[in-house]
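Notes for the structure review
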Amino acid sequence: MKKILFSLVILLSVCGCTTSKLVATKPYEEQKSSAGNRVVANVKGEINGLYLFYWIPLWSGEPWRPNERDYDTFTHYVTPAYMSRMLDNYRRRHKYGAVEDLEINRVNRGWWSLGILWVRSIYGSAVMTEKMKK
């Protein structure tokens with residue numbers, strides 16, 4: 001009984017890590033992308049998930065609703081494809097031109113639970129450029 005209660009406490013303590021976040025900041029003056037386009041926003045995104053034995057998703061932050069502490073169960077959203085979609089949804093919602101200079105990094109942490117529970121995270125940063133005028 002004590003082991004089950006201890007496991008439940010650990011699961012609940014890491015549930016806050018299973019969300020998605022998106023933060024946008026203003027560009028610095030005259031900032032250009034690597035392609036030479038005018039930057040209108042710098043964006044950083046994060047998707048976290050809790051996995052059993054590294055491979056089985058228990059909870060994963062929902063990329064469609066960042067910053068709302070939403071997550072899905074038994075779904076694997078901690079991938080570069082979902083990070084790209086999350087940033088592109090932000091671009092479309094704000095009517096920016098393109099997502100450029102995308103960089104993605106992954107971090108996996110499971111040593112604290114002897115490899116049973118893993119917190120997997122993916123981080124992305126990009127710049128949003130203005131729409132091209134026709």
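Predicted, not measured: the structure shown is a model, and the values here were computed from it.

**Things to note about the nonpolar core**
A general feature of soluble globular proteins is that nonpolar side chains tend to end up buried together. Counting residues in each nonpolar core, the largest one holds 15 residues, and the members touching the most others are Leu-22, Val-43, Ile-47, Met-83, Leu-87, Tyr-90 and Met-128. Elements supplying a minimum of two residues to this core: β2 (39-52), α2 (80-93) and β6 (117-129). In contact with Tyr-90, other than residues within four places in its own chain, are Leu-22, Ala-24, Val-43, Tyr-96 and Met-128. Counting 5 residues, the second-largest nonpolar core is a separate cluster that includes Leu-50, Leu-58, Trp-59 and Leu-117.

**Concerning unusual backbone geometry**
If you check the backbone angles, Lys-95 has positive phi at about 60° while not being a glycine. Structurally, Lys-95 is set in the loop between α2 and β5 (98-109). Given a relative accessible area of 62%, Lys-95 falls into the exposed group. You will see that Asp-101, though not glycine, has its phi angle at about 55°, which is positive. Tracing the chain through its elements places Asp-101 in strand β5.

**Thoughts on a nonpolar patch on the surface**
The grouping of Phe-53, Trp-55, Ile-56 and Ile-116 at the surface amounts to a nonpolar patch, some 470 Å² of accessible area in total. When its relative accessible area of 43% is taken as the criterion, Ile-56 is described as partly exposed.

**Regarding the side chain of Ser-20**
As for its position among the elements, Ser-20 is in strand β1 (residues 20-25). Within the structure, Ser-20 has its side chain in polar contact with the backbone oxygen of Glu-62 (distance 2.6 Å).

**Considerations on the environment of Arg-69**
For Arg-69, the location among the structural elements is in the loop between β3 (56-61) and β4 (71-73). Of the residues examined, Arg-69 reaches a relative accessible area of 57% and is grouped as exposed. For the pair Arg-69 and Ser-20, spaced 49 residues apart in sequence, the C-alpha separation works out to 6.8 Å.

Rules behind the numbers
Note that residues are indexed from 1 along each chain, following the sequence as it is written. Since the coordinates come from a predicted model, pLDDT governs what is reported: local features require at least 70, and pairs of side-chain atoms require 80 or more to be given and counted, while whole-chain, interface and lining totals use all residues. Values shown for side chains rest on all heavy atoms present in the structure; no hydrogens or waters enter the calculation. Put simply, a nonpolar core is a bunch of buried Ala, Val, Leu, Ile, Met, Phe, Trp, Tyr and Cys residues held in one set by side-chain atoms that sit within 4.5 Å of each other. Note on exposure labels: buried denotes an accessible area under 20% of the residue type's maximum, exposed denotes more than 50%, and partly exposed covers the range between, all computed with a 1.4 Å probe on protein chains only. The helix and strand labels rest on DSSP assignments: H or I over at least four residues marks a helix, E over at least two residues marks a strand, and numbering proceeds from the N terminus. The criterion used for residue contact is that any of the two residues' heavy atoms lie within 4.5 Å. Patch membership requires more than 30% relative accessible area and the absence of a salt bridge. Residues of like charge join within 9 Å; the nonpolar side chains Val, Leu, Ile, Met, Phe, Trp and Tyr join within 5 Å. Accessible areas in this description were obtained via Shrake-Rupley with a 1.4 Å probe; residue shielding takes into account the shown protein chains only. We count a salt bridge whenever a side-chain nitrogen from Lys or Arg sits within 4 Å of a carboxyl oxygen from Asp or Glu. Polar contact is defined as a pair of N or O atoms within 3.5 Å, subject to the rule that within protein one atom must be able to donate a hydrogen and the other to accept it, and that residues adjacent in sequence are counted only when both atoms are side-chain atoms.

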